[in-house]
Amino acid sequence: QDAALQGRFQERVDAEEKIEPRDWMPEGYRRTLVRQISQHAHSEIVGMLPEGNWITRAPTLRRKVALLAKVQDEGGHGLYLYSAAETLGVSRDELVGQLLSGKAKYSSIFNYPTPTWADIGAIGWLVDGAAIMNQVPLCRCSYGPYARAMVRICREESFHQRQGYELMLALAQGTAEQKRMAQDALNRWWWPSLMMFGPSDDQSAHSAQNMAWKIKRFSNDELRQRFVDATVPQAEFLGLTIPDPELRFNAETGHYEFGAIDWTEFNEILKGNGPCNRERIEARRKAWDDGAWVREAAVAHAAKRKQRALK
Ligand code: FAQ
């Protein structure tokens, strides 16, 4: 019977029908989605920290308002994504518990520091740029609640990316010192941004099954290549240099070829040994502890309302 259900499920996926929370689904499909959606949600929430570092120090009111709105959007993305994960039968408390205990992963990129204002530009341009490349295909993910959440998220990410590029443009066209800051930020964020797409295809444990289930539509390497092809001309327009001596355009393939990624750095970050891993988790634990009174008050308020309704 299970084989028949599996067959019917795969037919629906192949026919591009959306799978909804109450539909039958293989246990592996459910587990994979919980893993990916919750990691994605954690990334949004932890991703608020590197930029949050600059809200109080943004150079103008206009920049401050834009950054505040962007970081707030990221909190919102985290919440839609936790809600999408909850439709698969896990609770938000369980997922947050996995983040705080160090069991759950979040994107490697958020373990790097943001020492200068130019980092805010580089994050918007490169990190949101990479996020969009990876996430636009997720709007067609076979799981309905995740696909629908991604539509709104991608629209907002697109604004975030422009915010970052415009900031980089202002720096690149500014004083020599500002241009130097922009180049320094590009030097530090380029390779980590390429790592965001995940391990190379021959090392990617989940890709083949995820693509058969139409959770992923393109492989990690395909998306990484698209990102490089889109971003190199943007760097040229800024008058900045991509920190890769092996980068060159191949006129025959129409793609940029790039140097080898340092996977040791990536693996160390995944093991918790990146420059900011400990700081990020500590910040989230503190936020959880400091928010205890809000959760208690919300529960007490809900209980009171229920009591009143019974009277
Ligand atoms: N960091 O077999 P695969 C954002 C793990 S954007 C850490 O290839 P899969 C917006 C992977 O989980 C960032 N871990 O896995 C923003 C797996 O480990 P596991 C978040 C990584 O799932 C911008 C193992 O390596 N975006 O937040 C990373 O098929 C600015 C093997 O990998 C998403 O999460 C990594 N970079 O493909 C916010 C998008 N890459 O679970 C604030 C949704 C791989 O077996 C500011 N996710 N791993 O222990 C995806 O598309 C996929 O999950 C991939 C990985 C592509 C990330």
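Definitions and cut-offs
- Residues numbered from 1 in each chain as written.
- Predicted model: local features only at pLDDT ≥ 70, side-chain atom pairs only at ≥ 80, totals over all residues.
- Heavy atoms only, no water.
- Helix = DSSP H or I, 4+ residues; strand = E, 2+ residues; numbered from the N terminus.
- Polar contact = N/O pair within 3.5 Å; in protein donor to acceptor, adjacent residues only side chain to side chain.
- Salt bridge = Lys/Arg side-chain N within 4 Å of Asp/Glu carboxyl O.
- Buried < 20%, exposed > 50% of the residue type's maximum accessible area, 1.4 Å probe, protein only.
- Axes fitted to C-alpha atoms, helices over the stretch in contact; angles between N-to-C directions.
- Left-handed = near helix turned anticlockwise from the far one by under 90°.
- Contact = heavy atoms within 4.5 Å.
- Nonpolar A, V, L, I, M, F, W, Y, C, P; charged D, E, K, R; others polar.
- Parallel < 35°, antiparallel > 145°, perpendicular 65-115°, else oblique.
- Near = heavy atom within 4 Å.
- Areas by Shrake-Rupley, 256 points an atom, 1.4 Å probe, with all protein chains shown as cover.
- Phe/Tyr/Trp six-rings, centres within 6.5 Å; stacked < 30°, edge-to-face > 60°.
- Lys NZ or Arg CZ within 6 Å of the ring centre and 35° of its normal.

K.L.:
Got a minute to help me understand the environment of Glu177 in this structure?
P.N.:
Here Glu177 lies in helix α8 (residues 176-195). In this structure the C-alpha to C-alpha distance between Glu177 and Pro192, which are 15 residues apart in sequence, comes to 24 Å. A polar contact is formed between the side chain of Glu177 and the side chain of Arg180, at a distance of 3.1 Å.

K.L.:
Explain the pattern of salt bridges to me, please; I cannot follow it from the model alone.
P.N.:
Close approach of charged atoms allows side chains of opposite charge to pair. For the structure shown, the criterion picks out 21 salt bridges. For Arg217, the salt bridge is made with Glu16, and the minimal N-O distance between the two is 2.9 Å. Here the residue Arg217 occupies a position in the loop between α9 (207-212) and α10 (220-238), and Glu16 occupies one in the loop between α1 (2-14) and α2 (27-46), the gap between them amounting to 201 residues. Here Glu16 falls in the partly exposed class, since its relative accessible area comes to 41%. Residues Arg152 and Glu156 are paired through a salt bridge, measuring 3.4 Å at the closest nitrogen-oxygen approach.

K.L.:
Looking at this structure, I do not really get the packing of helix α4 (residues 61-86) against helix α5 (residues 92-100). What am I missing?
P.N.:
Relative orientation and spacing of two packed helices are given, respectively, by the angle between their axes and the distance between those axes. Where α4 contacts α5, the axes come no closer than 9 Å and their chain directions differ by 115°. In the crossing of α4 with α5, the sense of the turn from one axis to the other is right-handed. Touching Leu79, Tyr82, Ser83, Ala85 and Glu86 of α4 are Arg92, Leu95 and Val96, all from α5. Each residue belonging to the contact of α4 with α5 can be placed in one class, and the counts come to five nonpolar, one polar and two charged.

K.L.:
Looking at this model, I keep getting lost on the packing of α2 against α4. Mind explaining?
P.N.:
Where α2 meets α4, the axes come as close as 8 Å, and the angle between the chain directions of the two elements is 160°. Classed by the angle they form, the pair α2 and α4 counts as roughly antiparallel. Regarding α2 and α4, the two cross each other, and that crossing is left-handed. Contacts between α2 and α4 pair Ile37, His40, Ala41, His42, Glu44 and Ile45 from the former with Glu74, Gly75, His77, Gly78, Leu81, Tyr82, Ala84 and Ala85 from the latter. Here the contact of α2 with α4 is built from residues that sort into seven nonpolar, five polar and two charged.

K.L.:
What is the right way to look at the site of the ligand in this model?
P.N.:
Looking at the ligand, there are 36 residues lining it, with Lys105, Ser108, Ser204, His206 and Lys216 nearest. Arg35 has a polar side-chain atom sitting 2.9 Å from an oxygen atom of the ligand. Within the side chain of His206, an N or O atom sits 2.6 Å from an oxygen atom of the ligand. Computed on the free molecule, the ligand has an accessible area of 1,100 Å², of which 90% lies beneath the protein chains in the complex.

K.L.:
For this particular structure, what's the right way to read the packing of aromatic side chains?
P.N.:
Tallied over the full model, the rule gives ten aromatic pairs. Summarising the aromatic geometry, the rings of Phe197 and Phe227 are spaced 5.5 Å apart at their centres and angled 45° between planes, so their arrangement reads as tilted. Of the two residues, Phe197 sits in the loop between α8 and α9 while Phe227 sits in helix α10, which places them 30 residues apart along the sequence. Per residue, the accessibility class of Phe197 equals that of Phe227, and both read buried. A cation sits over an aromatic face here: Arg226 above Phe218, 4.1 Å from the ring centre.

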